[in-house]
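Spelled out, the chains give:
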Amino acid sequence: MVKKRKILIPEPKSRFIRVRCKKCGNEQVIFDHATIPVKCLVCGAQLTKPTGGKAQIIEENAEVLKILG
Ligand SMILES: [Zn+2]
């Protein structure tokens, strides 16, 4: 086990997140720094909203399944 430290290894600035649309069950990969709202490709529900650099998951509509990379 690696000891937990206060100083973290610098993270990559951006990554991709696999999310599932709660409205229709569609899974898609979204960019974590999307600067425009990301919508479900199937039903059009808005999955994230941009918050000045980082996309925020709209929990009502989307569930994070996995953070990639
Ligand atoms: Zn959907």
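Structure: above.
First, a word on scope: everything that follows refers to the structure included in this document. (Residues numbered from 1 in each chain as written. Predicted model: local features only at pLDDT ≥ 70, side-chain atom pairs only at ≥ 80, totals over all residues. Heavy atoms only, no water.)

## A look at the side chain of Asn61
Phase 1: Within the secondary structure, Asn61 sits in the loop between strand 4 (54-57) and strand 5 (62-68).
Phase 2: Residue Asn61 is classed as buried on the basis of its relative accessible area of 11%.
Phase 3: A distance of 2.8 Å separates a polar atom in the side chain of Asn61 from the backbone oxygen of Gln46.
Phase 4: Filtering out sequence-adjacent residues up to four positions away, Asn61 remains in contact with Arg20, Cys21, Lys22, Lys23, Ala45, Gln46 and Leu47. (Helix = DSSP H or I, 4+ residues; strand = E, 2+ residues; numbered from the N terminus. Buried < 20%, exposed > 50% of the residue type's maximum accessible area, 1.4 Å probe, protein only. Polar contact = N/O pair within 3.5 Å; in protein donor to acceptor, adjacent residues only side chain to side chain. Contact = heavy atoms within 4.5 Å.)

## Comments concerning the coordination of the zinc ion
Any two of four tetrahedral donors ideally make an angle of 109.5 degrees at the metal, while pairs among six octahedral donors ideally make 90 or 180 degrees.
Phase 1: For the zinc ion, the full set of protein donor atoms is Cys21 (SG), Cys24 (SG), Cys40 (SG) and Cys43 (SG), at a range of 2.3 Å.
Phase 2: For the zinc ion, the four donor atoms in the first shell make angles of 105 to 114° at the metal, so the coordination geometry reads as tetrahedral.
Phase 3: Between the donor residues of the zinc ion, the gaps in sequence give the motif C-x2-C-x15-C-x2-C.
Phase 4: A relative accessible area of 4% means that Cys40 is categorised as buried. (Donors = N, O, S within 2.8 Å, 3.2 Å for Na, K, Ca; no water. Tetrahedral: all angles 85-135°; square planar, octahedral: opposite > 155°, others 65-115°.)

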